[in-house]
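Remarks on the overall topology
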Amino acid sequence: MRMLTRHSCRPHLAGRLGLLLALLVATLLGGCAPRRTIALEVDGTPATPLTGKAWKESWGNFPGEAADGQAMPLERLLSEAGVDSAETLEMDGRSWRWEEICADAWVGRDGRVTVGDGAAVAPGLLSIRRPPEAGQATSTHLDLAPTVASVLGLPAPQQATGSALTDLRADRAVLIVLDGLGYRWYEASRGQGVTPFLDGLDAPTLARSVYPSVTRVSMAAILSGALPAVNGVRDRGTRNLAVQSILQAVTEAGRRAVVVEGEALPINMPGAELRLSGDRDGDGYTDDNTFDNAMAVLTEGLPEFLLVHFHGIDDAGHTYGPDSAEYRERMTAVDGYLERLLAGFPAGIVVRITADHGMHTVHEGDKLGNHGTLSGEDMFVPLWVVRY
Ligand SMILES: [Zn+2]
Ligand SMILES: [Zn+2]
């Protein structure tokens, strides 16, 4: 053994050439994937590091998100590593607000991180602080489908991993989605006459959306109770759930499920009776049409499960920004529809009102509001419960 060890410590010429060759091959292979693992901490606690393997997986799963095939969004890598929301990023002694840089923070093949116009760096540590809401949220979108199933006395959708939020039973369950109503924006205007009906209900709890916080992905998580990686709707490009939805769980149990949507379906919704609500009167919003369709369903006889999706708050948010009079005016309009709709509900039902995602301020061409990020504005939404 001793001889062998000595020998390998002093390689002759052929051995040295072999070593050089091996180094060369390793260098070439290393060029295909980041060599560097990036240490990560979340709220001061060490978290799953960002590895070259994870980079390659994300690159394979989300090719449309790669920049020139050379860099992946840092936000996507963080989400895949289990980071559920972000408020600030610290790196090499610098700090940024997440919503300001998340669209322009990249991790290259070589494991270097670029933020905005800055140079690519190999950080010693990425430190993420989550929004204050992260520690206060009492539910996620994944809990809604199991909750509806539990209320109706049915098994949860097959791949659901969320938990029922109540053991209360009722004849019927209603879920109302207010597109784009972020928790922070509701809280900022609460008690100021913007949403008098909602303000009169028991205070909402905080619920967390899923990443990316866009309508399609959020609705898929809400209806399946499963994470995007499981339910198959992981980005804006997919319309079909790969798993059972609450709509199917209800109809396969011989009950009725009706969905009242806006102009178009965010995802395909097999199993449900569908009512689309185009902007028939051309007032720029579909909320009045959605309200009319929901009232028609009420008049015909409430099904075991009714989903109503109001889109106008999101539309106003994109156009005017979430911190605008127009966004608040739309909240007021939808609040009025909710009041009239809920006044028509019979006894023996449970209604939940929530949002698919929130909204943050941007300056992107003619858009003043957007969502889809891990920011607190986008990821946290209110959740109201009303029992009859
Ligand atoms: Zn939406
Ligand atoms: Zn939107």
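Above this text you will find the structure in question.
This is a predicted model, so every value here is computed, not measured.

Of the consecutive residues Y211 and P212, the connecting peptide bond is found in the cis state with omega at -5°. With respect to the secondary-structure elements, P212 resides in the loop between β11 (205-208) and α9 (215-224). The phi dihedral of D43 is positive, around 55°, even though this residue is not glycine. Relative to the elements of secondary structure, D43 occurs in the loop between β1 (38-42) and β2 (45-50). Notably, D92 is not glycine yet its phi reads approximately 50°, a positive angle. Within the element layout of this structure, D92 appears in the loop between β4 (88-91) and β5 (94-97).

Once that is clear, we can look at the sheet that holds strand β10 (residues 172-178). With mixed pairing, the eight strands of this open sheet are ordered in space as β9-β11-β18-β15-β10-β14-β12-β13. Sheet topology places β9 (139-140) and β13 (273-275) at the edges, where each strand pairs with a single neighbour. Of the pairings in the sheet, the one linking strand β12 (residues 257-260) to strand β14 (residues 305-310) comprises four bridges and is parallel in character. Paired with V259 across the strands is L307, a residue of β14.

By the element assignment, S58 lies in helix α3 (residues 52-61). Under the C-beta neighbour-count criterion, S58 is labelled buried, with 21 such atoms within 10 Å. When the C-alpha atoms of S58 and Y285 are compared, they prove to be 37 Å apart, with 227 residues separating the residues in sequence. Once residues within four sequence positions are removed from consideration, S58 is found in contact with M72, R76, L77 and E80.

Reading the values: rules and limits
- Residues numbered from 1 in each chain as written.
- Chains lettered and ligands numbered in written order.
- Predicted model: local features only at pLDDT ≥ 70, side-chain atom pairs only at ≥ 80, totals over all residues.
- Helix = DSSP H or I, 4+ residues; strand = E, 2+ residues; numbered from the N terminus.
- Pairing = 2+ DSSP bridges.
- Buried ≥ 20, exposed ≤ 12 C-beta atoms within 10 Å, placed from the backbone.
- Contact = placed C-beta atoms within 7 Å.

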